[in-house]
Amino acid sequence: MQVLQNQALLRDDRSSCLSVTLITSAGDYLNFIQRSYEANGGLEGQRTPLKTKTAIKIRSRMVDDLLHGAVLPPIVIGVVPRDAVEAKALSDLAESGKVAELTARIEAVEPAQIAIIDGMQRTTALLESMQKDRATIQSRPVRLELWIGENTNSLIYRMLVLNTGQVPWDIKRQLETVYTFLLKEIRQKVPDISVFKIDDRSRRTASSEYQSSIVIESYFAFTARKPNVDVRERVAEDFARLDATESAADSANLERFIETLALVAKLDAAFSRFVVPRATGPEEEARFNEGRDIFSVRAAVVGFVSAAAVSIYGEPGFEFPAGVVEQNAQQVSKSVTDLTDKLAVFTPEQVGEFLQLEILGQLLSERTGGVGDFERAVFHRAFLSAIKHGPALPSMLPCWRAH
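Quantities reported herein were computed from a predicted structural model and do not represent experimental measurements.

Reading guide: rules and limits
- Residues numbered from 1 in each chain as written.
- Predicted model: local features only at pLDDT ≥ 70, side-chain atom pairs only at ≥ 80, totals over all residues.
- Heavy atoms only, no water.
- Phe/Tyr/Trp six-rings, centres within 6.5 Å; stacked < 30°, edge-to-face > 60°.
- Buried < 20%, exposed > 50% of the residue type's maximum accessible area, 1.4 Å probe, protein only.
- Axes fitted to C-alpha atoms, helices over the stretch in contact; angles between N-to-C directions.
- Helix = DSSP H or I, 4+ residues; strand = E, 2+ residues; numbered from the N terminus.
- Parallel < 35°, antiparallel > 145°, perpendicular 65-115°, else oblique.
- Left-handed = near helix turned anticlockwise from the far one by under 90°.
- Contact = heavy atoms within 4.5 Å.
- Nonpolar A, V, L, I, M, F, W, Y, C, P; charged D, E, K, R; others polar.

Q: Break down the packing of aromatic side chains for me, citing the residues and quoting the values.
A: Here the structure, examined in full by the defined rule, presents twelve aromatic pairs. The interplanar angle of 80° and the centroid separation of 6.5 Å between the aromatic rings of Phe295 and Phe304 together place this pair among those described as edge-to-face. Exposure class is identical for Phe295 and Phe304. Each is buried. Joined through ring pairs, the aromatic side chains of Phe271, Phe295, Phe304, Phe379, Phe383 and Trp400 make up one cluster.

Q: Summarise the packing of helix α9 (residues 212–224) against helix α12 (residues 298–313); cite the residues concerned and give the values.
A: Contact geometry of α9 with α12 gives a least axis separation of 8 Å together with a crossing angle of 25°. Classified by the interaxial angle, the pair formed by α9 and α12 is roughly parallel. Viewed along their axes, α9 and α12 form a crossing whose handedness is right-handed. On α12, the residues touching Ser213, Ile214, Glu217, Ser218, Ala221 and Phe222 of α9 are Arg298, Val301, Val302, Val305, Ser306, Ala309 and Tyr313. The class makeup of the residues in the contact of α9 with α12 is eight nonpolar, three polar and two charged.

Q: Give a detailed account of the environment of Leu144, specifying residues and quantitative values.
A: Secondary-structure assignment places Leu144 in strand β5 (residues 141–149). The class of Leu144 is buried, set by a relative accessible area of 0%. The spatial distance from the C-alpha of Leu144 to the C-alpha of Ile75 is 4.9 Å, given a sequence separation of 69 residues.

Set out below in structure tokens:
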């Protein structure tokens, strides 16, 4: 991508990002961003070109303005370094003013490392205007702002801040955006976990398989430190967005979330050793028939993650010193690992006896209204108890009956 003008380089110390503002041609920009654009902007949950009558009318006006020489606001592009070496190389090139070399290096990275953070609709308008008058638009200057994060976490923080306040982006869509980068981290650090995309129709057939929406909700529960948060209510949404933004600023927090998912997978695998033949007759199966049925329930995953967050950070409103948080995180990991080690020497039948699935099924069947919130609260309390007692548990019975 040819750089026509390098305007500014700023370092965001809050999120450990570099902001590089430059001017290039529309033709070079579209060639540069083509692969990310074709993948919905490189972001899971990014708004594709809007198709409502109002959106089409507005974009048509934008195209017409472009053809008549209008200048668009800067388009914001996020760049996620592959590793620390690449992060330093990009930072060195930017700070030394070698912007042409910087953009050339960015063009060589994988498509998944480049994302349109803010400007999907403007990019669409540029494409449409190119189709109408390529000769005019191709050389038209376009302002870009490249956000280069030192790591995934820093760019996630910047993305949340940029997207907060945009009316079309509710908290779920913001978290879907974050999830794209979390998924990369999860794949690298927890390879045993398989996460289905939000629009996939895949069903869980084994332990450690989860829908992305469950992972997203779990992240929400982790940052809020509680299992029940109604994202449909505006007040709860605003607080949740603030919590997510603040916690994403702490890279250790995201690391602990991923570590918590690894603990979910570990416990899931231990529970899933209890397998029974599926009923072949007309008799109705119990909801919790075997071990893997526990974490097949969304509320169980969310409940465990929120319980882990409270065990690490304390109840919402508490702010522990960093040393205490680190100590708590280690204790949570040790407790769950010791419990899974204990289950590892059990026979599958003994695991079944330990789980007390019949009691769990009876407990959850007692509530008919507000089932989702009730189940999340049950699993939250149960896993708080499980984390607290770990290998000392004689069975899950005390956990299922925890109040």
